[in-house]
Amino acid sequence: MRSKLTKVLTPLLVFCVSFAFAQKTVTGNVTDSSGIPLPGVAVVVVGTSTGTQTDFDGNYSITVNVGQVLRFSYLGQKTVNRTVSASTSVLNIRMEDDAEQLAEVVVQGYRTAPKTKSAIAQVTISADESIKNRPNASVVQTLSGQVAGLNITTTSGQPGANSLVQLRGVNSINGNTEPLFIIDGAPVDEDNFRSLNPQDIQSISVLKDAGATAIYGNRGANGVIVIKTRTGNYDQGLSINYTGIAGFSKLPGNDYDLMNSQEQLALEKQLNRGRGSQLTDAEIAAAPNFNWVDFFIREGVNQNHTLTLSSGSSNTTQFTSFGFFEQDGVVVESDLKRFNFRNNITGRSEDGRFTYGTNLTINYSISNEVSSVGTGSINRNFLLGANQSVTYITPDEYPGSELLAQNWTFADTPLLLLDFLNSYEQRDEEVRIVASANASYEVAKNLRANVTGSMDYIDTTFNALEAPDNWNDFYFGDDYNGRQFGDNDRVFTYNQVTSLTYDNQWGKHSVNVGAYTEYFKAHFRDLGYRQEGLDPRTFASGDDAGWIQDNSDNDFFVPIINATKRDAGLFSYFGQADYDYDERYGVVGTVRRDASYRFAESNRYATFWSVAGRWNISNESFMDGSVFDVLKLRASIGTAGNQRITGTSIFSAPDLTRSLFATGPGYRGQNALFLSQIPNTTLRWETVKQTNIGLDFEVFNSRLRGSFDVYEKKTTDLFQSTPVSAINSVTTLNANVGSLFNRGVEVDLDYDLIRNKDMVLTLNLVGNYNETELQDLPSDEGEIIGIGRNGGPLDEYFRVRYAGVNPANGNLLFLDADGNLTENPNADTDRVWTSRNPYPDWVGSFGFNFDWKGFYVQTQFNYMLGIDNLDFDYYGRMNPSTIGQFRTSRDLLDAWTPNNRVTSVPSLTASNLNAVGQAGVSSDRFLFSADYVRLRFLAVGYNFPKKFLEGTGIKKLGFFFNGENVLTFTKWRGFDVEGLVSQQNEYPTPRILSLGFEIGI
């Protein structure tokens, strides 16, 4: 029996002992090529999920079986594989630099290239350095001032508001002037970023010259902005990061110096107007001073939370993020709330011949918005109520909707808006999905087949409600009874790029050649309604409960229905060839053939091209020993097209080449058919031809680095209306005529004033000078009012010149067309071109980045110079006709009188106040410089060194304070100097201050 038991147990014991000896713990230390310990090196057992990372001193410990392979990987270092033998217990690794990984890679059209081999004008911004954790709802707003030539203006403080983005000037009069935006290969709407999470972004590349943009052909005329989102890393264990930010928003100040109640009422009494004319001096002295700014404007609270998870095995990576953002607008009833989800996956085959990736983001946002911003609507625009309401009226005087409708004046504007505030709501709900997938396969040595497909889906539901029994209800009559609006927009775009690329290097030569096709399709569907008449007992927002039904007396209560259907499409095929010799000389050429649905068959296709070259001077032998670490000369010339000739969207103006007819009432009210559009079958693309010369440099061990560029852009075949015979009851025809030039210089500089082991202080400067010039305008005089004149800048102001106040009588003085003083100018014949326009000559930023042992300070001062705007807000506060109705500026107290003859303010009863519009508003009296310098961004924070976190299980921990629009230096007197439009009761961009922390495990 013992013999049998021994035979059974002996093999089992041998197996167990063998297994115990086969599984062992391996320890070691990992350093770089200089012997410096490397913390955070991924140590993975190949083919398993077992892995660890080196600590702050480069040490690691891992359990592994004999015969298995340990893989050591670290960014910028060559991957090392080591097989574990029976004798291995300590395994020290010295890693080597990976030159290919360390080389800076830039986006170059549909591919990337080492910066040394790039001949294009482009800038790449790292999100971790200048975008991450900034308290902006829109990523576009964070780009402001960071790229030379990129002018970003946001004229609304509504959370998530659209920004106008223009690169190297304005390239069109009526067409689209904004760059093409691409997120992970997906072209997206350049006007809508409110639903996307900026925390997901890894980098943003701005492509400027023809060498960079011609490959995008039909959509590259205004430049291209390529956004890359975050991914995981190969051979990376699970990394979890959380960022939490909380803060508040405040309205910036203004310098209009408005009157208090006593001053306002005394002035009204003096002029025998308004409430002041009926009060005694004692009653005026006792009048209240209510601040309507504090009533309609608030301190907004915001919060932002992002949770990310990333990991990677030897052949796959994943990045997943969850985001929640909420921001109150500074104007009552305005806010934005959004939820974000993102998942990015990359992978490769074992032999590396096949690679793939997917990018998916699903977003939902709710935006409550205020109505009629920028208008003079006294019963709808809360900004007008905040800015112009007299302070002697208080909310206690609100008598209710019905009584207010029976007896009101313009001075009661804040009460009308108080009523509107209680009865109106406006909301946008948006679902947005952006997705892309890419695959690449090496079909033969150096030859790869590639495909990228992407989609952008936006579903927006708009609801607006004006409850019944409000002031509008009672004032406009019984038929009003409230109203409700609803609208649903759906936009779906699909884009696919298929390519075959050949990349080879032999000796000192290298070449990259690619053949591409691109297909784009877009669909727009809209369905909406408007209902007049709501039953106050049963109505509900967004629902038909309480809709008043149609009756036999009239059709007032019949809902109005609208529907729109649009489709758009583009198709392109193109090629690119890039040659390099010894990383000293390089040339790249591009040809692209595009087709657009917007034009007739005769002009449907257009061809665009570019040639770019470079000379890496610093790589020449005669530069050995010079102060230049990098010196590269670049040059490019080429063309790109703009098929969005009306500018509004990809769906606008789809049928300008066709005859269109409309139906409507004709003879004796009978339904009839009318000609509504004369076709122009010769319409074609606007074309932008651009020439660029640039110089990149680094000197003194790269302590000073930067670039200079000089460019000229010429847009031909501008889309404009031209006069035609009225024989067909149509007086203008859309046609391609005229040219527009943009000429400029750019500078981008960084200088490490201090750079050592513990401290870095870097100064930076970004600048762009740009001037526009019009030519070949379609008019006999060579000028079009509202556009400009041949040889002049775009949108040049054409106005009567204001010359001050006549000290003899207090009337306004002007200059006629010949420069002579006059009190009675002719608004038609005395207007002149002023050489002033609403576009800046200089735009950019300067600042510094300071880092000392984990403490850091970052500043960004934005500036705009050479810009002029009309200040209609100041006009409203200086118009004597509004005294007794609205609040006015104390500047009026310095108005001309017989005892105050030397002044810049005309008499309040001047006989020619309306000579050129009220108070001379149609002259250049209220045209002011809008130059400014603004502390656009300030960050102060502390990141704990890794040695302090060792043993805590925490990989990353930091705290920070951020500020946006912190301080502005300007002569502009209004709330917000930023903007390319003349301003009146607009929503100002707020000052945002926030605190946050970031933790990673």
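Along each chain, numbering runs from 1 in the same order as the chain's sequence is written. Local features are withheld for residues below a pLDDT of 70 in this predicted model, meaning they are given only at 70 or higher, and side-chain atom pairs are given and counted only at 80 or more; totals for whole chains, interfaces and linings count all residues. Side-chain metrics in this entry use all non-hydrogen atoms of the structure; hydrogen atoms and water are not considered.

The chain appears in an unreviewed UniProt entry as SusC/RagA family TonB-linked outer membrane protein from Lentiprolixibacter aurantiacus. UniProt positions are given in the numbering used here, feature names are shortened, and annotations may be inferred rather than shown by experiment. As its UniProt record puts it under Sequence similarities (unreviewed entry), the chain is described as follows: "Belongs to the TonB-dependent receptor family." Listed in UniProt under the heading Subcellular location (unreviewed entry), the comment for the chain reads: "Cell outer membrane".

(A) The pattern of salt bridges, seen in detail. Salt bridge criterion: a side-chain nitrogen from Lys or Arg within 4 Å of a carboxyl oxygen from Asp or Glu. A complete count under the given rule lists 45 salt bridges for this structure. Of the charged contacts in the structure, one is a salt bridge between Glu-532 and Arg-530, with a shortest N-O distance of 2.6 Å. The buried label goes to any residue with under 20% of its type's maximum accessible area, the exposed label to any with over 50%, and the partly exposed label to all in between, with areas taken from a 1.4 Å probe on protein chains only. Given a relative accessible area of 29%, Arg-530 falls into the partly exposed group. Ionic pairing is found between Asp-873 and Arg-877, a salt bridge with its closest N-O pair at 3.9 Å. Here Arg-877 and Asp-873 lie together in helix H13 (residues 872-878), a separation of four residues that amounts to about one turn. In this pair, the class of Asp-873 matches that of Arg-877, namely buried. The secondary structure listing takes helices from DSSP runs of H or I that are at least 4 residues long and strands from runs of E that are at least 2 residues long, numbered from the N terminus.

(B) Summary view of unusual backbone geometry. At Asn-133, a residue that is not glycine, the phi angle is positive and equals roughly 70°. Looking at where Asn-133 falls in the secondary structure, it is placed in the loop between helix H3 (127-130) and helix H4 (139-142). Despite not being glycine, Asp-469 shows a phi value in the positive range, around 65°. Mapped onto the secondary structure, Asp-469 falls in the loop between strand E23 (447-466) and helix H12 (471-476).

(C) Representation of the sheet that holds strand E6 (residues 80-83) within the structure. The pairing criterion for strands is at least two bridges between them, as found by DSSP. Taking strand neighbours across the sheet as the criterion, the four strands line up as E3-E2-E5-E6 in an open arrangement whose pairing is antiparallel. Only two strands of the sheet have a single partner each, and these edge strands are strand E3 (51-53) and E6. Here the average twist between neighbouring strands, direction ignored, is 20°. In this sheet, E3 lies alongside strand E2 (residues 42-45) in antiparallel orientation, the contact comprising three bridges. Each bridged residue has a counterpart across the sheet, and for Val-43 the counterpart in E3 is Thr-52. Axis angles are defined between N-to-C directions and span 0 to 180 degrees, where every axis is a line fitted to C-alpha atoms and, for a helix, only to the segment in contact.

(D) Geometry of the packing of aromatic side chains. Two rings belonging to Phe, Tyr or Trp (six-membered ring only in the last case) form a pair when the distance between their centres is within 6.5 Å. Interplanar angles under 30 degrees mark stacking, angles over 60 mark edge-to-face geometry, and anything in between is tilted. Summed over all chains, the structure comprises 42 aromatic pairs. Ring geometry for Tyr-256 against Tyr-874: centres 6.0 Å apart, planes inclined by 10°, an arrangement best described as stacked. In this pair, Tyr-256 sits in the loop between strand E17 (236-250) and helix H6 (261-271) while Tyr-874 sits in helix H13, placing the two residues 618 residues apart along the sequence. Given a relative accessible area of 9%, Tyr-874 falls into the buried group. An aromatic cluster is defined as three or more aromatic residues linked by ring pairs; in this entry it consists of Tyr-242, Trp-852, Phe-855, Tyr-942, Phe-944, Phe-959 and Phe-997. Lying over the aromatic face of Phe-937, Arg-134 brings its terminal NZ or CZ to 4.1 Å of the ring centre. Note on criteria: charge over ring means Lys NZ or Arg CZ within 6 Å of the ring centre, with the direction from the centre no more than 35 degrees off the ring normal. Lying across the ring of Tyr-234, Arg-348 places its NZ or CZ 3.7 Å from the centre.

(E) Examining the nonpolar core more closely. Throughout, nonpolar core names a set of buried Ala, Val, Leu, Ile, Met, Phe, Trp, Tyr and Cys residues whose side chains join them through atoms within 4.5 Å. Counting 35 residues, the largest nonpolar core has Phe-296, Ile-297, Val-331, Phe-382, Tyr-392 and Ile-393 as its most contacted members. In terms of residue count, helix H11 (residues 413-421) provides more of this core than any other element does, five residues in total. Here a residue-residue contact requires only that any non-hydrogen atoms of the pair lie within 4.5 Å. Beyond its immediate sequence surroundings of up to four residues, Ile-297 is in contact with Leu-251, Val-330, Val-331, Leu-383 and Ala-386.

(F) Region of interest: the pairing of strand E1 (residues 23-31). Summarising the sheet, E1 and strand E4 (residues 59-65) pair through seven bridges and their orientation is antiparallel. Pairing of Gln-23 across the sheet is with Asn-65, part of E4. In terms of strand pairing, E1 meets strand E7 (residues 93-94) through two bridges, oriented parallel. Paired with Val-30 across the bridge in E7 is Ile-93.

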